[in-house]
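Observations on chain architecture
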Amino acid sequence: LQGDWSSDVCSSDLISASLVRLSAEKILEAIEEASKVPYNQRALNKTVRFAIRKEYPIPLPFFMADPELVDLAVDNLLDNAVKYSYPDTCVSIEAVMAGYGREVHFSFRSKGLPISPADAQRVMERGYRGEMARMTSSEGGGIGLWVVAQIMQAMSGRLELIPPNDDGWLEFRLCFKCYL
């Protein structure tokens, strides 16, 4: 992920970010490459496919972020999608313009272990693992989503969780302010 030019340095309490102007299209290309890593294609004895939307009716925006930190956040969300999705699931990934063009969200949607409303309030806390995650796997220490939330805060963005809908789709979003 290469930025066009350096602009700012931001930080949370734990992480410093060197922000550069990034293209949403380039991020989608990087996500596609990351999804091809053998671990992501076939892990934990189950196959997970990734469907990355690459065509949009209007050009996707630019935004400010740290490319290395975006890579870490994406890797964590891909890893979680593999760990917690049902076998033979397709993880849908796309960029979505929101807030009347003031934000871009990178959406990671999949069907997998449900997250209760109570767990949804806590899964971004350090060391917390949802009830179903604890019951089905000893893998993980409950820090991944907390780290992603810290990364996003350092870049003046946020991590959102959209709890499962009636069809069982769970969505995580990496949300960035657009660069005008």
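Shown above is the structure to which this text applies.
Definitions and cut-offs
- Residues numbered from 1 in each chain as written.
- Predicted model: local features only at pLDDT ≥ 70, side-chain atom pairs only at ≥ 80, totals over all residues.
- Heavy atoms only, no water.
- Helix = DSSP H or I, 4+ residues; strand = E, 2+ residues; numbered from the N terminus.
- Buried < 20%, exposed > 50% of the residue type's maximum accessible area, 1.4 Å probe, protein only.
- Contact = heavy atoms within 4.5 Å.
- Polar contact = N/O pair within 3.5 Å; in protein donor to acceptor, adjacent residues only side chain to side chain.
- Axes fitted to C-alpha atoms, helices over the stretch in contact; angles between N-to-C directions.
- Parallel < 35°, antiparallel > 145°, perpendicular 65-115°, else oblique.
- Left-handed = near helix turned anticlockwise from the far one by under 90°.
- Nonpolar A, V, L, I, M, F, W, Y, C, P; charged D, E, K, R; others polar.

1. Comments concerning the environment of Glu94
Considering the arrangement of structural elements, one finds Glu94 in strand β6 (residues 89–98). You can call Glu94 partly exposed: its relative accessible area is 22%. Between the C-alpha atom of Glu94 and that of Glu55, which follows or precedes it by 39 residues, the distance is 9.5 Å. Glu94 has contacts with Leu28, Arg53, Tyr56, His105, Phe106 and Ser107, leaving out every residue within four places of it along the chain. Of the polar contacts made by the side chain of Glu94, one reaches the side chain of Arg53; its length is 3.2 Å.

2. Digging into the packing of helix α3 (residues 67–84) against helix α6 (residues 144–154)
Packing of α3 against α6 brings their axes to within 10 Å, and their N-to-C directions diverge by 150°. Judged by the angle between their axes, α3 and α6 are roughly antiparallel. As α3 packs across α6, the resulting crossing turns out to be left-handed. Side by side, α3 and α6 meet where Leu69, Leu72, Ala73, Asn76, Leu77 and Asn80 of the first sit next to Gly144, Leu145, Val148 and Ile151 of the second. Of the residues that constitute the contact of α3 with α6, the class distribution is 7 nonpolar, 3 polar and no charged.

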